[in-house]
Amino acid sequence: MSRRRTALAFWLFVGPFAAGLLVFAYVPIGWSAYLSLFDARNTVTPEEFVGFANYADVLTDRAFLGSIGTFTAFAALVVPATVVLALALALLVNQVRVARAFFRSVFFLPFACSSVVASLVWRMSLFSGVDSGVANTVLGWFGGEPRAWIGTVDPPLYWVVLVTARLWLQLGFYMILFIAALQRIPAHLYEAAWVDGASPRWQTFRHVTLPGLRGALVAVLVLNLVNAYQAFDEFYNILGDSRGYPPFARPPLVYLYYTSLGSGGQDLGRGSAGALVLALVIALVTLLSGRVLRRVA
């Protein structure tokens, strides 16, 4: 009888989640895999089977390969900056003795903000126009000329807007992860280091704090890589306008959006193939980076 009750309780808790996962995740993935094998233009019930032709088109499309390059540049800028800044914030906040909960909440609050709202604030207030915006005002204080941050391609100033928006949104979340990991480091390790003559800053951080954060560092790095691949809101809402999206700085999800739902025609077969290729790339990057980082750490 107890086994039946345990099984019933298990399915009562897990059943709704499993059903939602099946309906909203696995079924769409399976249907997307099915569509990728057909010429599905403006329809979700295609009839013309094309095999792997959509995959060949995607993998030879310069726009798609360019979107992967955009991700690489975005990840190269965001991931190291997130790790360094989030860890620095965690170390500072963890040392605060007064109003620690307040500072945690202040830094974590942007994570609860909508990425669409944050993107519009960055576009319309902080980096807006040529003669206005907070960034151009600060430049004017130091005698600098106003810049068209979003529209300047050479040099690519739009990266400043995209990267700072992403950092503001996610730093608080990763800071909390690092704080949780810092609090799990036994205090007697620091006491032993001080007794052995280690300096309270660099040597203690290098030989005690950093080794204790290995698991958190791996988690933060992997999550950052996956999130960088899935970047969409900041790019679309900051760079896009009523005329559409510019030809530069298109991440994979923006490419797939315009391929599958663009005004030139809904090529759902090709879009599905691109989505599955992107999912495979994300899975491979996650697995490889996780293994490499565990060995290094």
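The coordinates are above.
Residues numbered from 1 in each chain as written. Predicted model: local features only at pLDDT ≥ 70, side-chain atom pairs only at ≥ 80, totals over all residues. Heavy atoms only, no water.

Draft legend 1. The layout of surface pockets, seen in detail. Looking at the largest pocket, its volume works out to about 640 Å³. Forming the walls of the largest pocket are 18 residues, and the residues nearest its centre are Leu91, Asn94, Gln95, Tyr190 and Thr209. Elements supplying a minimum of two residues to the lining of the largest pocket: helix H3 (62-95), helix H7 (158-183), helix H8 (187-195) and helix H9 (202-212). Taken together, the residues of the lining of the largest pocket sort by class into nine nonpolar, five polar and four charged. Considering only enclosed or pocket space, the second largest pocket measures out at about 230 Å³ in volume. Forming the boundary of the second largest pocket are 14 residues, of which Ser115, Arg166, Gln170, Asn227 and Glu234 lie nearest the centre. Elements with a contribution of two residues or more to the lining of the second largest pocket: H7 and helix H11 (233-239). No other element matches H7, which puts five residues into the lining of the second largest pocket. (1 Å grid on protein atoms, 1.4 Å probe; cavity = no way out; pocket = protein on both sides within 12 Å on 5 of 7 lines; lining within 4 Å. Points joined across faces, edges and corners; volume = space filled by probe spheres on them. Helix = DSSP H or I, 4+ residues; strand = E, 2+ residues; numbered from the N terminus. Nonpolar A, V, L, I, M, F, W, Y, C, P; charged D, E, K, R; others polar.)

Draft legend 2. Region of the structure containing the packing of helix H4 (residues 100-108) against H7. The contact between H4 and H7 brings their axes to 8 Å, and the two run at 145°. The residues of H7 that touch H4, namely those facing Arg100, Arg104, Phe107 and Phe108, are Gly172, Phe173, Met175, Ile176, Ile179 and Gln183. For the contact of H4 with H7, the class distribution of residues is six nonpolar, two polar and two charged. (Axes fitted to C-alpha atoms, helices over the stretch in contact; angles between N-to-C directions. Contact = heavy atoms within 4.5 Å.)

Draft legend 3. Here's a closer look at the side chain of Asp61. Looking at where Asp61 falls in the secondary structure, it is placed in the loop between helix H2 (53-59) and H3. Residue classification places Asp61 among the buried positions, given a relative accessible area of 18%. When neighbours within four sequence positions are excluded, Asp61 is seen to be in contact with Tyr255 and Arg270. (Buried < 20%, exposed > 50% of the residue type's maximum accessible area, 1.4 Å probe, protein only.)

Draft legend 4. Quick look at the pattern of salt bridges. Applying the stated criterion across every chain, the model contains four salt bridges. Measuring nitrogen to oxygen at the nearest pair gives 3.2 Å for the salt bridge that ties Asp39 to Arg41. The exposure class of Arg41 is exposed, given its relative accessible area of 53%. Here the salt bridges share partners, and the residues they tie into one network are Asp39, Arg41 and Asp267. (Salt bridge = Lys/Arg side-chain N within 4 Å of Asp/Glu carboxyl O.)

Draft legend 5. Seen up close, the environment of Ser119. Position of Ser119 among the secondary structure elements: in helix H5 (residues 115-126). Measuring from C-alpha to C-alpha, the distance between Ser119 and Ala9 comes to 43 Å, with 110 residues separating the pair along the chain. For Ser119, the contacting residues outside a window of four places in its chain are Asp233, Glu234, Asn237 and Ile238.

No statement about biological role is implied by the geometric values presented.
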